[in-house]
Amino acid sequence: QIVPLWIAPNVLTFSGFVMILFNYFLISFYDWDYTASGTSPGRVPTWVWLFSAFTTFCAYALDSIDGKHARRTQSSTPLGELFDHGLDSWATSIFVLSFFSVCSRDNGKTGVSVYTMYIYLSIVLFNFMCSHWEKYNTGVLFLPWGYDISQVVVIAAYLLTGTVGVEVWQKPLLFGYYITDVLVILLIGFSLFLSFPQTLYNIHRAHLKKTLKNDSLYEGLLPLVSPLLLFVLLTVWVVLSPSNILAKQPRLFLWMVGVAFSNVICKVIICQMSSTRPELLHWFLFPLALVVYAAISGLLGWMEEAVLGVFTALVTAAHVHYGVCVGRQLSEHLNIYIFSLKKRVQE
């Protein structure tokens, strides 16, 4: 009700994304290697945690009202849908990577290992993938309530850290378990026993009602091939890296995971929206496979970290370029502006 009618819905969507992106880089400045919260008191200023809670809440609120505002201004378009879900696919990993700074990496006493961080991120991205795989097959995007709960938990964690201090994460909560242990257990439990089964149930129900968009099992499973191969290659790199690349550059590696996933899943979202067949193998998989092979075979040697940095930069640039190009093409095709409600003047 309070958003002016002249503001384009995509402005709300993009504003929320920029806020969480700015918050991520702010936390990264104080805690690049995820160790700042492992000391008591932590090395991240209190105001940063409170600012994180504020930006997370704002991003969550803006992401929740952009669609309502689009319907209110009668400006709902495929461009807005893609803009929303495309940024969500990237923001999902950024939320998680920012949260890792709260609990810090394992220092022998408290914190979580970088491998747990990788698993945690993979599970969250897997749930996001399942939601859009479900929509690809059923035409309906079912968002489990776990999404809302996760946002509330993250905001509460930032507020708790800002008011009490990082010490709260360094003390056992119950039966020798820390808060981080409980959160990981809950995440895995909700994913395996609630979210994923719900996805399968919704697809099964659509099959019984004969409302599936794809009758062929091959067509139905096709969107899963590239994302799953992506995680297989990344996991091979994590496990077999001669220099233990994840431990040396956790923030850089996990950022690359999130960006690569976002680009792969954006292709699935576009195929779902346009009712077209997704490609079997995403082009990211080929250079990634070469890099992984060179890394685990020892060909990169001491250059593994540098190659990771270059590859991450290229993947990020390619993803941004892809998003800009698709946005421009849809803007021209639909005769609308991305960040304005004004119509384009047709020549």
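Predicted, not measured: the structure shown is a model, and the values here were computed from it.

Draft legend 1. Molecular detail of the overall build of the chain. Scanning the chain from N- to C-terminus turns up eleven helices and zero strands. Secondary structure of the chain in N-to-C order comes out as α-α-α-α-α-α-α-α-α-α-α. For 347 residues, the compact-globule formula gives about 20 Å, and the C-alpha radius of gyration of the chain, at 21 Å, lands near that figure. Oriented by its inertia axes, the alpha-carbon framework of the chain measures out at about 60 × 50 × 45 Å. The contacts of the chain with a sequence gap of at least 6 include a subset with a gap of at least 24, amounting to 79%. Accessible area for the chain stands at about 17,400 Å²; split by element, carbon and sulfur atoms hold 69% of it. With 20 positive and 19 negative side-chain charges, the chain shows a spacing of 5 Å between the two charge centroids.

Draft legend 2. Layout of the UniProt feature "transmembrane region" (unreviewed entry) in the chain. Within the UniProt annotation, "transmembrane region" (unreviewed entry) is assigned to residues 7–26, 46–62, 112–130, 173–196, 217–240, 252–270, 282–300 and 306–324. When the span residues 7–26 is considered, its composition is 90% helix and 0% strand, and the gap between its end C-alpha atoms is 28 Å. In this annotation, residues 46–62 is assigned 100% helix and 0% strand; the end-to-end C-alpha distance for the span is 25 Å.

Draft legend 3. Examining helix α10 (residues 285–296) more closely. Between its first and last C-alpha, α10 extends 16 Å over twelve residues, near the 16 Å set by a 1.5 Å rise per residue. Among the residues of α10, those classed as buried are Leu285, Leu288, Val291, Val292, Ala294 and Ala295. Lining the buried residues of α10 we find α7 (217–240) and α11 (304–334). Phi turns positive one or two residues past the end of α10, at Gly298, with a value near 90 degrees.

Draft legend 4. Up close: the packing of helix α4 (residues 114–138) against helix α6 (residues 179–208). Relative orientation of the contacting elements α4 and α6 amounts to 15 degrees, with a least axis distance of 10 Å. Between α4 and α6, the crossing angle belongs to the class labelled roughly parallel. When the axes of α4 and α6 are compared, the crossing they make is left-handed. The segment α4 lies against α6, with Thr116, Tyr120, Ile123, Val124, Phe126, Asn127, Cys130, Trp133, Glu134, Asn137 and Thr138 engaging Val184, Leu187, Ile188, Ser191, Ser195, Phe196, Thr199, Leu200, Asn202, Ile203 and Ala206.

Draft legend 5. Looking closely at the environment of Glu219. Note on placement: Glu219 falls in helix α7. Looking at Glu219, the relative accessible area reads 15%, which means it is buried. In the structure, Glu219 is positioned 124 residues away from Lys343 in sequence and 37 Å away in space, judged by C-alpha atoms. Those residues in contact with Glu219 that lie beyond four places of it in its chain are Tyr136, Asn214 and Arg277. A polar atom in the side chain of Glu219 sits 2.4 Å from the side chain of Arg277.

Draft legend 6. Representation of the nonpolar core within the structure. By size, the foremost hydrophobic cluster in this structure holds 89 residues, and its most contacted members are Phe99, Tyr118, Trp169, Trp237 and Phe253. No other element matches the 14 residues that helix α9 (residues 250–274) contributes to this core. With near-sequence residues (within four places) excluded, Phe99 lies in contact with Tyr120, Val154, Ala157, Tyr158, Trp169 and Leu183.

Draft legend 7. Main features of unusual backbone geometry. Non-glycine residue Lys210 carries a positive phi angle of around 60 degrees. Its place among the elements puts Lys210 in the loop between α6 and α7. When its relative accessible area of 74% is taken as the criterion, Lys210 is described as exposed. Unlike most non-glycine residues, Ser275 shows phi in positive territory, near 55 degrees. Within the secondary structure layout, Ser275 lies in the loop between α9 and α10.

Draft legend 8. Fine view of a nonpolar patch on the surface. A cluster of nonpolar side chains, contributed by Leu173, Leu174, Phe175, Tyr177, Val182, Ile185, Leu186, Ile188, Phe190, Leu192, Phe193 and Leu194, occupies part of the molecular surface with about 1,200 Å² of accessible area. Residue position: Leu192 is located in helix α6. A relative accessible area of 53% places Leu192 in the exposed class.

Draft legend 9. Broad picture of the state of the cysteines. Per the stated rule, a full pass over the model turns up zero disulfides. Here Cys130 stays unpaired: no disulfide links it, and the sulfur of Cys266, its closest cysteine neighbor, is 17 Å away. A residue is classified by how much of its surface remains accessible, and Cys130, at 2% relative accessible area, is buried. Free of any disulfide, Cys271 has its nearest cysteine sulfur in Cys266, 11 Å distant.

Draft legend 10. Quick peek at the side chain of Asn263. Structurally, Asn263 can be placed in helix α9. A relative accessible area of 2% means that Asn263 is categorised as buried. Those residues in contact with Asn263, other than ones at most four positions away along the chain, are His282, Trp283, Phe284, His319 and Tyr322.

Calculation notes
- Residues numbered from 1 in each chain as written.
- Predicted model: local features only at pLDDT ≥ 70, side-chain atom pairs only at ≥ 80, totals over all residues.
- Heavy atoms only, no water.
- Helix = DSSP H or I, 4+ residues; strand = E, 2+ residues; numbered from the N terminus.
- Rg over C-alpha atoms; globule rule 2.2 N^0.38 Å.
- Contact = heavy atoms within 4.5 Å.
- Areas by Shrake-Rupley, 256 points an atom, 1.4 Å probe, with all protein chains shown as cover.
- Lys, Arg positive; Asp, Glu negative; His and termini not counted.
- Charge placed at Lys NZ, Arg CZ, Asp CG, Glu CD.
- UniProt positions renumbered as here; feature names shortened; annotations may be inferred.
- Expected span 1.5 Å × (residues − 1).
- Buried < 20%, exposed > 50% of the residue type's maximum accessible area, 1.4 Å probe, protein only.
- Axes fitted to C-alpha atoms, helices over the stretch in contact; angles between N-to-C directions.
- Parallel < 35°, antiparallel > 145°, perpendicular 65-115°, else oblique.
- Left-handed = near helix turned anticlockwise from the far one by under 90°.
- Polar contact = N/O pair within 3.5 Å; in protein donor to acceptor, adjacent residues only side chain to side chain.
- Core = buried A, V, L, I, M, F, W, Y, C linked by side-chain atoms within 4.5 Å.
- Patch = residues over 30% accessible without salt bridge, like charges linked within 9 Å, V, L, I, M, F, W, Y side chains within 5 Å.
- Salt bridge = Lys/Arg side-chain N within 4 Å of Asp/Glu carboxyl O.
- Disulfide = S-S within 2.5 Å.

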